[in-house]
Amino acid sequence: MSDPSAEQPRDGGGRFSHKPAGEVELDLSQPNHDEGLPNSAEVITAGPDELDEYVYHDSWQVRADATANPHLNDEHVEFLTDPDQHIGVRSGMALHWRPGVADRLRNDPSETVRAMAAGSWEYTAADRERLTRDPAVARIHRLFFAPAQ
């Protein structure tokens, strides 16, 4: 059995020194979606006349991308905040700027979605405190919104 520390370069004082890392091949040009799904940028920038195709898409990933589109209407919001939607879709909606979205998610079955909604700009401090009384929501809310240390 070989000693891995024996392969580590050492400086003149016998201390470990820098060992260059190997090169990693990474292609950032490809979308982070499965084959055949529309590109995220295409979904997010779709116009109002194209948006239904993405909001009602079979793939939850496409619907999650659609949550960032500024042309969502009330019908879209209602559909995308439904508790039967994938958590990734509802989480995307919790980050949406549209008034009333956070209120629709205040009783979501997922504490993660409720915690994300609690961080909404539309809530007062009293609303936020009321939502974070649930210990699971409070824990997740701290993870998302606590100041970095």
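Below you will find a few notes about this structure. Quick caveat: nothing in here was measured; it's all calculated off a predicted structure.

### Here's the deal with the overall build of the chain
Then step 1. A tally of helices and strands in the chain yields 9 helices and 0 strands.
Then step 2. When the helices and strands of the chain are placed in sequence order, the string is α-α-α-α-α-α-α-α-α.
Then step 3. For the chain, buried positions account for 34% of its 149 residues.

### A short note on the environment of Glu42
Then step 1. Along the chain, Glu42 turns up in helix H1 (residues 40-44).
Then step 2. A distance of 2.8 Å separates a polar atom in the side chain of Glu42 from a polar atom in the side chain of Tyr54.

### Observations concerning the packing of helix H7 (residues 111-118) against helix H9 (residues 135-145)
Then step 1. One can describe the packing of H7 onto H9 by two numbers: an axis separation of 8 Å at closest approach and a directional angle of 55°. Between H7 and H9, the interaxial angle falls into the category oblique. Here the hand of the crossing between H7 and H9 comes out right-handed. Here Glu111, Thr112, Arg114, Ala115, Met116 and Ala118 of H7 lie close against H9, whose contacting residues are Ala136, Val137, Ile140, His141, Phe144 and Phe145.
Then step 2. For the contact of H7 with H9, the class distribution of residues is 8 nonpolar, 2 polar and 2 charged.

### Quick notes on H9
Then step 1. Every buried residue of H9 is accounted for by Val137, Ala138, Ile140 and His141.
Then step 2. Buried residues along H9 sit against H7 and helix H8 (125-131).

### Details of the packing of helix H5 (residues 87-94) against H7
Then step 1. At their nearest, the axes of H5 and H7 sit 8 Å apart, and the two run at 10° to each other. Accordingly, the angle class assigned to the pair H5 and H7 is roughly parallel. Counted together, Ile87, Arg90, Ser91 and Ala94 of H5 and Thr112, Val113, Met116 and Ala117 of H7 form the full contact between these two elements.
Then step 2. Classifying every residue of the contact of H5 with H7 by side-chain character gives 5 nonpolar, 2 polar and 1 charged.

About the cut-offs
- Residues numbered from 1 in each chain as written.
- Predicted model: local features only at pLDDT ≥ 70, side-chain atom pairs only at ≥ 80, totals over all residues.
- Heavy atoms only, no water.
- Helix = DSSP H or I, 4+ residues; strand = E, 2+ residues; numbered from the N terminus.
- Buried < 20%, exposed > 50% of the residue type's maximum accessible area, 1.4 Å probe, protein only.
- Polar contact = N/O pair within 3.5 Å; in protein donor to acceptor, adjacent residues only side chain to side chain.
- Axes fitted to C-alpha atoms, helices over the stretch in contact; angles between N-to-C directions.
- Parallel < 35°, antiparallel > 145°, perpendicular 65-115°, else oblique.
- Left-handed = near helix turned anticlockwise from the far one by under 90°.
- Contact = heavy atoms within 4.5 Å.
- Nonpolar A, V, L, I, M, F, W, Y, C, P; charged D, E, K, R; others polar.

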